[in-house]
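Geometric and topological summary
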Amino acid sequence: MSNTITIDGQTIPFQEGQTIMDAALAAGVYIPHLCHNPEFTPHGSCKLCTVTVNGRNVASCTMPAVEGQQIANNTDELNAKRRALTQMLFVEGNHFCPFCEKSGNCNLQAVAYHLDMMSPHYNHFYPAREVDASHPDILLDRNRCILCELCVRASRDVDGKEVFGLSGRGIDCKLVVNSSSGDLVDTDLAATDKAASVCPTGAIIVKRHGFSVPIGQRIFDHKDISQVQLEAAQKERGHE
Amino acid sequence: MTFALETAEHPEKLKRVVIEPVSRVEGHGKVTLLLDENNRVHQARFHIVEFRGFEKFIQGRPYWEVPVMVQRLCGICPVSHHLAASKALDMIVGATLTPTAEKLRRLMHYGQILQSHALHFFHLASPDLLFGFGSDVATRNIVGVAAAFPEIAKKGVLLRKYGQEIIRMTAGKRVHGTGAIPGGVNKNLSLAERDTLLADIEQMIAWSRDAVELIKKVYSDRPDFHNGFGYYRSSFMSLVRGDGALDLYHGGLRARDEHGQTIFDHVDYSHYWDYIHEEVRPWSYMKFPFIRSRGREEGWYRVGPLARVNNCDFIPTPLAEAERIAFKEFGGGSATQATLAYHWTRMIEMLHAAESIRELLHDGDLQGDDLVSKGERQLRGVGVIEAPRGTLIHHYRIDENEQIVRANLIVSTTHNNHAMNEAVRQVALQYLDGKVLTEGLLNHIEVAIRAFDPCLSCATHALGKMPLEVELLDAEGAVIDQIAKNTSGQFCI
């Protein structure tokens, strides 16, 4: 077994146990994603990383790499679907990039730029969502939550606290916190927790730091998200 | 309360002439005139027809978002809102700004004054001033100016560009940047940026001097006409520095009446409501502020360049100070109450901004690293700045969770609401009363409004206080039911 897969005609090696996403990132091939973070167990919920494997659409972050897979990734058809998914995320919540402090450092915004999203396309839902500012150091703004569960995984798997969870079904699904009052202040979340810094959008932010990084020095000001995430993967491999 | 020509007794018997939209101003507004069969003017009103509501929808947002959020009020003077909000939040975070932070904010502000004043004078006002108020409407615009006076148009474009570059270097973007944060700024000015600006500053000062000379010449060629156009006397309000100097970034409030007598002076603006109240009138989305001690009838006033140049004891940069003296001495002080003198004083301020930028660029504090400070948390903050169009007040209250619970914005154009209407009424009487209306005559009304450089987008914040009346009519037009909401937001059948 040579342990290789093919992505858009490029032969890529993989190791046993790796997902298609793992192998792609290791080989310097970018597959757009939001709910995936290499530090955490794959989740497969945002579907942005959907690729076509031997003619079937699968989430690359959860699909194991298997010898001989013929994978389509960077195609017009898939990118159009990813763009539509991203547009739906924008209209489902209340994402106001012009005054959001995460602007320039936001994965959702950066993916939208990467996918050439020029407008939301769909009608905005403008849902009424709660802002929980009760915690002295951390703000939870559900308007910007995309239900990726990275905070859930970080709190559970890294912080060992299980502060966050999802509740409700479908369009009523929302991020909840583990306290009898339902308020963030009554949880044991701390600003130094991984869960407080892992949010890919501006839903969970450490208070009073907004806009302290000037325009021009933010993560995505000069680099596309593909470059940023591939460089991060490369750096991670260097540490291994 | 009524003012002459504000409300006609029998509007149903009059014909209605509408100027909509009022052109070459920021935002959307209209003028309505009610005339009788002899074209005598019975009512003249300047209405704001757009609606914003920022005071309401920032409630619940974290305070540090506010300077970036509220600047979206405007695409012309966002820096003013950005800085006024930041000043209010300096109070909330208990900060005393470091020298570097204050000077960088001042630099940003002078860049804003320069670009906004240049935009107004060259792009919006110069077609009237250079071609005449009743000239051919097809060429009475900036394209016409560029064709007939290319050198003047070029200076306007490049002066504005220079101001925008200062904003970009201090705030990150030419429009809607993020430079000021509660308690300071997020970047300094690099040496490379400073040198880029220094390379052109002498040219900007020279062109600003040319602009003062231009408006002075236009004005003094027909002094009686320019002095008398839409003329009335009023009080003026502005910030002044502790020593009485013109200060566009910080100071105490000074108000003087129509005879130059002081109403209040060096007032700590954090208690502005002891001195200024706002009134809602049923026909406009824009509120009507007035000086409390003088009451609703007598308390209206003007803000902006004319108010500031009249109110200050001196301008602390030499070239602009010389021009201030020349302005005050013109015709024995005859221009100091004139509506069109706004243009002249605006250019004096543009020159002051250019001189101030030069002074700051030579100050090493701009390259400092001590950018942010903080102190004891407060729940209330008021920030006041002299925006290009006049005194701008931002007032916020937060709760213990650091969310905005109340906001009040009194915007420059709002201060001038009554004054602009007064100018409209004066011009209507002077030029339109009893005449057959033409486009050129109607433009005289717009010229009076334009003198104030109003920003109507910024100025409409009467959310929840706007009186509304709904009528249900039958097929013949007879009223069969009605409901009304008064200025307290209460419904009355």
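This one's a predicted model, so the numbers in the text were calculated from it and none came from an experiment.

This brings us to empty space enclosed by the protein. Residues and elements named next belong to chain A. Going through the model one piece at a time under the given rule, you end up with four cavities of 30 Å³ or more. Around the largest cavity sit 13 residues that line it, and His95, Phe96, Cys97, Cys100 and Cys106 are the ones nearest its centre. For the lining of the largest cavity, a count of residues per class yields six nonpolar, six polar and one charged. In this structure, the second largest cavity spans a volume of roughly 70 Å³. Lining the second largest cavity we find Cys145, Ile146, Leu147, Cys148, Glu149, Cys151, Leu175, Cys199, Pro200, Thr201, Ala203 and Ile204. Classifying every residue of the lining of the second largest cavity gives ten nonpolar, one polar and one charged.

Looking now at the environment of Met204 of chain B. All names here are of chain B. With respect to the helices and strands, the residue Met204 is situated in helix H7 (residues 191–221). Using a relative accessible area of 5% as the deciding quantity, one classes Met204 as buried. Placed 90 residues apart in sequence, Met204 and Leu114 show a C-alpha to C-alpha distance of 9.4 Å.

The domain boundaries assigned to chain B delineate domain 1 (11–451) and domain 2 (467–493). Put simply, the middle of domain 1 of chain B and the middle of domain 2 of chain B, counted by C-alpha atoms, are 37 Å apart.

A few words now on the layout of surface pockets. All names here are of chain A. Quantified by volume, the second largest pocket comes out at close to 670 Å³. Along its surface, the second largest pocket is lined by 27 residues, and Glu92, Arg129, Leu147, Gly170 and Cys173 are the ones closest to its centre. The set of elements that each furnish at least two residues to the lining of the second largest pocket consists of helix H2 (76–92) and strand S9 (174–177). Element by element, the count of residues in the lining of the second largest pocket is highest for H2, at four residues.

It is worth spelling out the sheet that holds strand S2 (residues 29–35) of chain B at this point. Residue and element names in this part refer to chain B. Reading across the sheet, the three strands line up as S1-S2-S3 and stay open at both edges, with antiparallel pairing between neighbours. Strands with a single pairing partner mark the edges of an open sheet, and in this sheet they are strand S1 (15–19) and strand S3 (41–48). On average, each strand axis in the sheet is tilted by 20 degrees relative to the strand beside it, whichever way the strands run. Where S2 and S3 come together, seven bridges link them in antiparallel fashion. Bridge pairing links Gly29 to Ile48 in S3. Packed on one face of the sheet, helix H14 (residues 417–432) meets S2 and S3 and runs near 145 degrees to S3.

Reading the values: the criteria
- Residues numbered from 1 in each chain as written.
- Chains lettered and ligands numbered in written order.
- Predicted model: local features only at pLDDT ≥ 70, side-chain atom pairs only at ≥ 80, totals over all residues.
- Heavy atoms only, no water.
- 1 Å grid on protein atoms, 1.4 Å probe; cavity = no way out; pocket = protein on both sides within 12 Å on 5 of 7 lines; lining within 4 Å.
- Points joined across faces, edges and corners; volume = space filled by probe spheres on them.
- Nonpolar A, V, L, I, M, F, W, Y, C, P; charged D, E, K, R; others polar.
- Helix = DSSP H or I, 4+ residues; strand = E, 2+ residues; numbered from the N terminus.
- Buried < 20%, exposed > 50% of the residue type's maximum accessible area, 1.4 Å probe, protein only.
- Domains from an automatic or database assignment.
- Pairing = 2+ DSSP bridges.
- Axes fitted to C-alpha atoms, helices over the stretch in contact; angles between N-to-C directions.
- Contact = heavy atoms within 4.5 Å.

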